[in-house]
Amino acid sequence: MSNDQELRTIVITTNNVLMGKFISSVYHDEDGDFQAFSEDDGDADEETAAVISISELFDLDDSLIKVLLDLPKGFEAHRESKSSKWKFVKSE
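Cut-offs applied
- By convention here, each chain's residues receive numbers from 1 onward along its written sequence.
- Per-residue local features of the predicted model are confined to residues with pLDDT of at least 70, and side-chain atom pairs are confined, for both listing and counting, to 80 or more; whole-chain, interface and lining totals are unaffected and use all residues.
- Only hydrogens and water are removed before side-chain values are computed, so all heavy atoms of the structure are retained for them.
- Under the DSSP-based scheme used, a helix requires at least four consecutive residues in state H or I and a strand at least two consecutive residues in state E, with every element numbered from the N terminus.
- To qualify as a nonpolar core, a set must consist of buried Ala, Val, Leu, Ile, Met, Phe, Trp, Tyr and Cys residues joined through side-chain atoms within 4.5 Å.
- Buried means the residue's accessible area, taken with a 1.4 Å probe over protein chains only, is under 20% of the maximum for its type, while exposed means over 50%, and partly exposed covers the values in between.
- Two residues form a contact once any of their heavy atoms are found within 4.5 Å.
- For two strands to pair, DSSP has to find at least two bridges joining them.
- Simply put, an axis is a line fit to the C-alpha atoms, just over the touching stretch for a helix, and the angle between two N-to-C directions goes from 0 to 180 degrees.
- Ring pairs shown here join Phe, Tyr and Trp side chains whose ring centres sit within 6.5 Å, with only the six-membered ring taken for Trp; geometry is labelled stacked below 30 degrees between planes, edge-to-face above 60, and tilted in between.
- Pairing of N or O atoms within 3.5 Å defines a polar contact, subject to two protein rules: one partner must be a possible hydrogen donor and the other a possible acceptor, and residues neighboring in sequence count only if both atoms are side-chain atoms.

### What about the environment of Ile-23?
In this structure, Ile-23 sits in strand β2 (residues 23-28). Through-space distance from the C-alpha of Ile-23 to that of Arg-79 is 8.3 Å; in sequence the pair is 56 residues apart.

Listed below in structure tokens is the structure:
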């Protein structure tokens, strides 16, 4: 994720993430889109959704840079707390 175009990649997230809740789940869809959610986003919907660039996501949590670089399309990563290690699984 080094060039400017990659840093403008769109990420679907929520207002909770934008308000500082720690990011507990990230998804890399088969089509290349990213999503990032906090642990409080179980019932996220269009009213709570936000669209940001991947660069803005990195500003919120710079630990995601390595995670998203290592996250293949069709996979997701989860963690229990901000200090927990990420666990990668294939999306169903």
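### A short note on the nonpolar core
Of all hydrophobic cores here, the largest spans 16 residues; its most connected members are Val-11, Ile-23, Val-26, Leu-57, Leu-64, Leu-68 and Trp-86. In this view, Val-11 contacts Phe-34, Gln-35, Ala-36, Ala-50, Val-51, Ile-52, Ser-53, Ile-54 and Leu-57; residues no more than four positions away in its chain are not counted.

### Describing the sheet that holds β2
Pairing between sheet strands relies on hydrogen bonds along the backbone, with the strands arranged either parallel or antiparallel. Reading across the sheet, the 6 strands line up as β4-β1-β3-β2-β5-β6 and stay open at both edges, with mixed pairing between neighbours. Taken across any chain shown, the strands that pair with only one partner, and hence form the sheet edges, are β4 (49-53) and β6 (87-90). Geometrically, the sheet is characterised by an average inter-axis angle of 20 degrees between neighbouring strands, direction not taken into account. With 5 bridges joining them, strand β1 (residues 10-14) and β4 adopt antiparallel strand pairing.

### With respect to the packing of aromatic side chains
In the structure shown here, the tally under the stated rule is 1 aromatic pair. Between the aromatic rings of Tyr-27 and Phe-37, the centroid separation amounts to 5.9 Å while the plane-to-plane angle is 70 degrees, which identifies the pairing as edge-to-face. A residue pair is termed long-range when its members are at least 10 positions apart, and Tyr-27 in strand β2 and Phe-37 in strand β3 (residues 34-38) qualify at 10 residues.

### Some points on the pairing of β1
Within a regular strand, the side chains alternate between the two sheet faces. Taken together, the 2 bridges between β1 and β3 define a ladder with parallel strand orientation. Counterpart to Val-11 in the pairing with β3 is Phe-34.

### A closer look at the environment of Gln-35
Relative to the assigned elements, Gln-35 resides in strand β3. Since its relative accessible area comes to 23%, Gln-35 is described here as partly exposed. Gln-35 sits 17 residues away from Ile-52 along the chain, and the two C-alpha atoms are 9.9 Å apart. Contacts of Gln-35, omitting those with residues within four sequence positions, involve Val-11, Ile-12, Ser-25, Val-26, Tyr-27 and Asp-29. A polar contact of 3.1 Å, which involves the side chain of Gln-35, links it to the side chain of Asp-29.

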